[in-house]
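# Coordinates in review
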Amino acid sequence: MSCNLSTDEGGGEASPIALDQLWTEINQLATSQTCTNVSDWTFTPIGSKPCGGPMSYLAYSRKIDEKRFLELVQAYTELQADFNKRTGAFSDCALVQRPSGVICENSKAVLVY
């Protein structure tokens, strides 16, 4: 699967469709491994709130292509920041708490706060 960063016609900026497609690809990669050993897992901030900071954190396995995954996360974050500026988006401006770690529950990675 490859990421298609399609843009709005003539604008050269990310569209909501491109953001959704990229989010889907990122989420599929992040959840592609079964969580059986917590030491194989970590997390990263993702997205950009209009007031600044990440929109959330996402757990992922270090067994995936981590370099490619983090490049996709960075691309998503930059595209979302651009989209927020372009559209005048707003949010509650609350800071998203950074997780303290990851645990495995029912074979899925769960962030711990």
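The structure reproduced in this document is the subject of the present report. Residue positions within a chain follow its written sequence, with the count starting from 1. Selection of residues for local features in this predicted model requires a pLDDT of at least 70, selection of side-chain atom pairs for listing and counting requires 80 or more, and totals for whole chains, interfaces and linings are taken over all residues. By convention in this description, side-chain values take in all heavy atoms of the structure and omit both hydrogens and water.

### A few points about the environment of Phe43
- Its place among the elements puts Phe43 in strand β1 (residues 41–46).
- On the basis of relative accessibility, which here comes to 16%, the residue Phe43 falls in the buried class.
- For Phe43 and Gly101, which are 58 residues apart along the polypeptide, the C-alpha to C-alpha distance reads 7.6 Å.
- Two residues form a contact once any of their heavy atoms are found within 4.5 Å. In contact with Phe43, not counting residues within four places along its chain, are Tyr57, Leu58, Ala59, Tyr60, Arg98, Pro99, Ser100, Gly101, Val102 and Leu111. Runs of H or I in DSSP of at least four residues are treated as helices and runs of E of at least two as strands, each being numbered from the N terminus. Each residue gets one of three labels from its accessible area relative to the maximum for its type: buried under 20%, exposed over 50%, partly exposed in between, using a 1.4 Å probe on protein chains only.

### Thoughts on the packing of aromatic side chains
- Centre distance within 6.5 Å is the pairing criterion for rings of Phe, Tyr and Trp, where only the six-membered ring of Trp is used; planes under 30 degrees apart are then read as stacked, over 60 as edge-to-face, and the remainder as tilted. Counted according to the given criterion, the structure contains three aromatic pairs.
- Judged by centre distance (6.0 Å) and plane angle (80°), the ring pair of Phe43 and Tyr57 falls under edge-to-face. Linking Phe43 in strand β1 with Tyr57 in strand β2 (residues 56–61), this pair joins segments that are 14 residues apart in sequence. Of the two residues, Phe43 and Tyr57, both sit in the buried class.
- Between Tyr60 and Phe69, the aromatic rings sit 4.6 Å apart at their centres with planes inclined by 40°, giving tilted as the arrangement.
- We classify Tyr60 as buried; its relative accessible area is 4%.

### Regarding helix α1 (residues 16–30)
- Compared with the 21 Å implied by 1.5 Å per residue over 15 residues, the 21 Å span of α1 between its first and last C-alpha is a close match.
- Listed as buried for α1 are Ala18, Leu19, Leu22, Glu25, Ile26, Leu29 and Ala30. Down the axis, α1 shows its buried residues gathered within 135° of arc, on one side only. Set apart from the buried face of α1 by more than 90 degrees, the exposed residues are Ile17 and Asp20.
- Contacts made by the buried residues of α1 are with β1, β2 and α2 (66–87). The span you would expect from a helix comes to 1.5 Å times its residue count less one. Along the arc lie the directions from the helix axis toward the C-beta atoms.

### Re the nonpolar core
- Nonpolar cores are built from buried Ala, Val, Leu, Ile, Met, Phe, Trp, Tyr and Cys residues. Side-chain atoms within 4.5 Å join them into one set. If you look at the biggest cluster of nonpolar residues, it comprises 15 residues, and the most contacted ones within it are Leu22, Ile26, Ile46, Leu58, Phe69 and Tyr76.
- Contributing elements (two or more residues each) for this core: α1, β2 and α2.
- In this structure, Cys35, Tyr57, Ala59 and Leu111 belong to the second largest nonpolar core, which totals seven residues.

### Comments concerning the state of the cysteines
- Disulfides are defined in this document as cysteine sulfur pairs within 2.5 Å. This structure, assessed with the given rule, holds two disulfides.
- Shown here is the disulfide that connects Cys35 with Cys104, its sulfur atoms set 1.9 Å apart. Judged by the sign of its S-S torsion, about -65°, the cystine formed by Cys35 and Cys104 is left-handed. Separated by 69 residues along the polypeptide, Cys35 in the loop between α1 and β1 and Cys104 in strand β3 (residues 101–105) bring together distant segments of the chain.
- In this structure Cys35 comes out as buried when scored by relative accessible area, which is 3%.
- When its relative accessible area of 28% is taken as the criterion, Cys104 is described as partly exposed.

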